[in-house]
Amino acid sequence: MLWSGWGDPVRASELPAPVRRLLADLLGVRAPESPAVTLDEVRPPAPALPASVLDALSSAVGGGHVRLDDEARIRHTRGKSTPDLLRMRAGDVSDAPDAVVLPGSHAEVAEVLRVCAEHRVAVVPFGGGTSVVGGLAAAREGFAGVVALDLARLDRLVSLDAESMVAELEPGLRAPRAERLLAEHGFTLGHFPQSFEYATLGGFAAARSSGQASAGYGRFDDMVVGLTVATPRGTLDLGRAPKSAAGPDLRQVILGSEGAFGVITSLRLRVRPLPEVRVYEGWRFATFPAGVATLRRVAQEGPAPTVLRLSDETETMVGLARPEELGTLASEPGCLVIAGYEGTAGDVAYRRECTGATLSEMGGVPLGPEPGEKWAHGRYSAPYLRDSLLAAGATVETLETACFWSGLPRLYEAVRRALTASLGSPLVMCHVSHVYATGASLYFTVVTAQSDDPVGQWEAAKRAANDAIGSAGGTISHHHGVGRDHLGAYAPEIGELGVAVLRGVKERLDPDGILNPGVLIPES
Ligand SMILES: Cc1cc2nc3c(=O)[nH]c(=O)nc-3n(C[C@H](O)[C@H](O)[C@H](O)COP(=O)(O)OP(=O)(O)OC[C@H]3O[C@@H](n4cnc5c(N)ncnc54)[C@H](O)[C@@H]3O)c2cc1C
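Cut-offs and rules
- Residues numbered from 1 in each chain as written.
- Predicted model: local features only at pLDDT ≥ 70, side-chain atom pairs only at ≥ 80, totals over all residues.
- Heavy atoms only, no water.
- Near = heavy atom within 4 Å.
- Polar contact = N/O pair within 3.5 Å; in protein donor to acceptor, adjacent residues only side chain to side chain.
- Areas by Shrake-Rupley, 256 points an atom, 1.4 Å probe, with all protein chains shown as cover.
- Nonpolar A, V, L, I, M, F, W, Y, C, P; charged D, E, K, R; others polar.
- Helix = DSSP H or I, 4+ residues; strand = E, 2+ residues; numbered from the N terminus.
- Buried < 20%, exposed > 50% of the residue type's maximum accessible area, 1.4 Å probe, protein only.
- Phe/Tyr/Trp six-rings, centres within 6.5 Å; stacked < 30°, edge-to-face > 60°.
- Lys NZ or Arg CZ within 6 Å of the ring centre and 35° of its normal.

*Asks:* Is there a simple way to explain the site of the ligand in this structure?
*Replies:* Near the ligand there are 35 residues, and of these Pro-125, Thr-130, Ser-131, Ser-195 and Thr-200 occur at the shortest range. At 3.1 Å, a backbone N or O of Gly-203 approaches an oxygen atom of the ligand. A distance of 2.8 Å separates an oxygen atom of the ligand from a polar side-chain atom of Ser-209. Protein contact buries 97% of the 970 Å² of open area that the ligand shows by itself. Considering only residue class, the shell around the ligand consists of 15 nonpolar, 18 polar and two charged.

Printed below as a string of structure tokens:
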């Protein structure tokens, strides 16, 4: 993973000249005065942990699994939001952990937590490092230091109960490897977020992730049937049946807990048979409201496709254009729906026919498989494009929310207005990314010219968007989580008593507050 950007560095590329010209003409984007710093130019602050703590950590996990070198510390600094990347590109690694610790078992995680609680060292569980909400930058005030607890060594398929279709997997497994391991037995998780190539199963559970095929396979939290969690107060082992009436479901307390309550060391996940057939296709709707009404009907009446998403006019226009055609942005391509089906041949044919009938009845024009295949082919490419845009002097960032269907038009307009008012004349694109019978999520992508203070510029826009989301009745996050970036908006969403409940759980599981301080739990 590129330390200050996304993905495999060999896939990084410069923006084509026509796109740079268009960005300059449309948004006033200018190349930044200084290029991004290189890895060897960056120096993290001197590590703070005393030798006695490092010795205890080495005894816990083995000396070779405590990394103190600059590169390891830099690579565990923050996540992959645009402000994170802007700071890294500018050489700011002030949030670097003092050490990176790689445990190899649940017992080793528990021992690391014991050592860190004893010495008051903050612990940041680290999966793929793809958080986009500031979930990986611990508040270090009051602590002897900060340790990044990288779970990469916990990467096994532990067992598979094919009869129940439940797999036990370790949290440090990145999604592609988890899929490969399951595919050997004919199964899939069906969890394909845009961060698929790098994110881990533990991170998906801890941040309540949702993949692009959620209409068919469900969100990640729907897949979790059991969890083992190491906390400073002992082990939680949760989930012995698919559903239970034995009190509140404590699995839900850990899902979305973002490393603040404990470290997930094992996951029991519902798996599905590998699909025989995959078909993705495109449909065109004249307007976004027409598309939204159609998605609602499909989600409410079923049967659901596996993938169902709707781009608004702007996103459709930008997505359809090839670089050399970008000057034609004034055309009216309508709104693109991608509908995808995965499963057995018979099931795919049935759902495709039913959904197709509804889409046609609601005014959709079939575009055939080409737009669907194009979407499927490029579904993991956008983060690379972000790096190219940042290098060219544009800020590009995403944000997401959700609400019930009846509130969706208001939420959509409110967020667009807030972003536009804050940033002047940005390009604001949106798609409906996940649908349910009762509502849907909206996923916005914003492109704007970088100011002299791009981080401050984005933070102001994000505050405006968060306020708009709150006023319009949306949730502050449908699938990215709370982290540090959403704390201010999260507190009013759950109310004072809700915050007190979170604090109570934290106090019971992590009385010294060493786990990911500053993340998830709003300050009083
Ligand atoms: C380009 C890009 C695209 C993205 N697309 C999507 C998307 O389509 N859908 C989506 O849902 N999200 C998406 N995300 C956000 C991110 O990938 C998810 O939040 C993902 O769940 C994080 O997984 P991770 O392994 O990288 O976790 P990390 O970023 O390493 O950690 C995330 C949080 O979970 C905690 N944590 C990690 N592992 C554990 C563990 N084992 N136990 C306890 N706590 C733990 C961390 O401390 C942190 O607070 C995207 C991010 C990027 C950068």
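*Asks:* Is there a simple way to think about unusual backbone geometry in this case?
*Replies:* Glycine aside, the phi torsion of most residues is negative, and most peptide linkages are trans. Of note, the amide linkage connecting Gly-302 to Pro-303 takes the cis form, showing an omega dihedral of -10 degrees. If you trace the backbone, Pro-303 turns up in the loop between helix H11 (288-301) and strand S13 (307-311). The backbone phi angle of Glu-258 is positive, close to 50 degrees, even though this residue is not glycine. With respect to the secondary-structure elements, Glu-258 resides in the loop between helix H10 (251-254) and strand S10 (263-270). Overall, the relative accessible area of 10% leaves Glu-258 in the buried class. Located in the positive-phi region is Asn-516, a residue other than glycine, with phi close to 45 degrees. Assignment of secondary structure puts Asn-516 in the segment after helix H18 (487-509).

*Asks:* What exactly am I supposed to notice about the packing of aromatic side chains here?
*Replies:* In this description, an aromatic ring pair is defined by two values, namely the gap between the centres and the angle between the planes. Per the stated rule, a full pass over the model turns up eight aromatic pairs. Here the aromatic rings of Phe-192 and Phe-196 are separated by 5.4 Å at their centres, their planes lie at 50 degrees, and the arrangement is tilted. For the pair formed by Phe-192 and Phe-196, the shared burial category is buried. Ring geometry for Phe-288 versus Tyr-412: centroids 4.5 Å apart, planes at 35 degrees, classification tilted. Taken together, the positions of Phe-288 in helix H11 and Tyr-412 in helix H16 (residues 408-423) put the pair 124 residues apart, joining distant regions of the chain. Taking the relative accessible area as the measure of exposure, Phe-288 reaches 5% and is therefore buried. Put simply, the rings of Phe-192, Phe-196, Tyr-217 and Tyr-380 pair up and form one aromatic cluster. In this structure, Arg-120 packs its charged tip against the face of Phe-143, placed 4.6 Å from the ring centre.

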